[in-house]
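Each chain, letter by letter, is given below.
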Amino acid sequence: MHDMIDRERAKSLVEQEWGRRGIAGDWRQFSAMLDSVAESGLAYDNDEHTPGISAIGTAFVDMTGEYHAISVQIPTTRFLDKRHAVEDALRATADQIRSAVG
């Protein structure tokens, strides 16, 4: 991903969310996942948020510096078949948006 939130800010936000939800999260594991997302530009929800639904998402920063995200939800049963096409479409869309907002 081209634009990333500061890692310390991300840690603070994640730990606040974990605290709010009573989750005992693992920052090292989460930070490693953030590294992967930063490298690929894509984040994945593999049936974790809603049973039976997986998703792929990407983010971008607009002209005012605000962060936005686009995600595509896919029934988990069709996720593997659709994954590469959705990844390609999200990357192309994010690249077009980044070009448009400078």
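Look a little higher up for the structure.
These numbers were taken from a predicted model, which means no experiment stands behind them.

Conventions used here
Residues numbered from 1 in each chain as written. Predicted model: local features only at pLDDT ≥ 70, side-chain atom pairs only at ≥ 80, totals over all residues. Heavy atoms only, no water. Core = buried A, V, L, I, M, F, W, Y, C linked by side-chain atoms within 4.5 Å. Buried < 20%, exposed > 50% of the residue type's maximum accessible area, 1.4 Å probe, protein only. Helix = DSSP H or I, 4+ residues; strand = E, 2+ residues; numbered from the N terminus. Contact = heavy atoms within 4.5 Å. Salt bridge = Lys/Arg side-chain N within 4 Å of Asp/Glu carboxyl O.

**Quick word on the nonpolar core**
Right, so step 1: With 6 residues, the main nonpolar core is built from Leu 42, Ile 56, Ile 74, Phe 79, Val 86 and Leu 90.
Right, so step 2: Among the elements that make up this core, the one with the highest residue count is helix α3 (residues 76-101) (3 residues).
Right, so step 3: With residues near it in sequence (within four places) discarded, Leu 42 still touches Val 37, Ile 56, Gly 57, Thr 58, Glu 87, Leu 90 and Arg 91.
Right, so step 4: If you look at the next biggest cluster of nonpolar residues, it comprises 5 residues, including Ala 10, Val 14, Trp 27 and Leu 34.

**Re the pattern of salt bridges**
Right, so step 1: In the structure shown here, the tally under the stated rule is 5 salt bridges.
Right, so step 2: Put simply, Glu 17 and Arg 20 hold a salt bridge, and the shortest N to O gap is 2.7 Å. Placement of the pair is Glu 17 and Arg 20 together in helix α1 (residues 7-21), with a separation of 3 residues, close to one helical turn.
Right, so step 3: Classification of Glu 17 by relative accessible area gives partly exposed; the value is 29%.
Right, so step 4: Where Asp 95 meets Arg 98, a salt bridge forms, and the shortest distance between an N and an O atom there is 3.6 Å. Taken together, the residues Asp 95 and Arg 98, both in helix α3 and 3 residues apart, mark about one turn of the helix.
Right, so step 5: Overall, Asp 95 belongs to the partly exposed group, its relative accessible area being 41%.
Right, so step 6: Residue classification places Arg 98 among the buried positions, given a relative accessible area of 15%.
Right, so step 7: Each of the salt bridges in this network shares a partner with another, and the network as a whole consists of Glu 17, Arg 20 and Arg 21.

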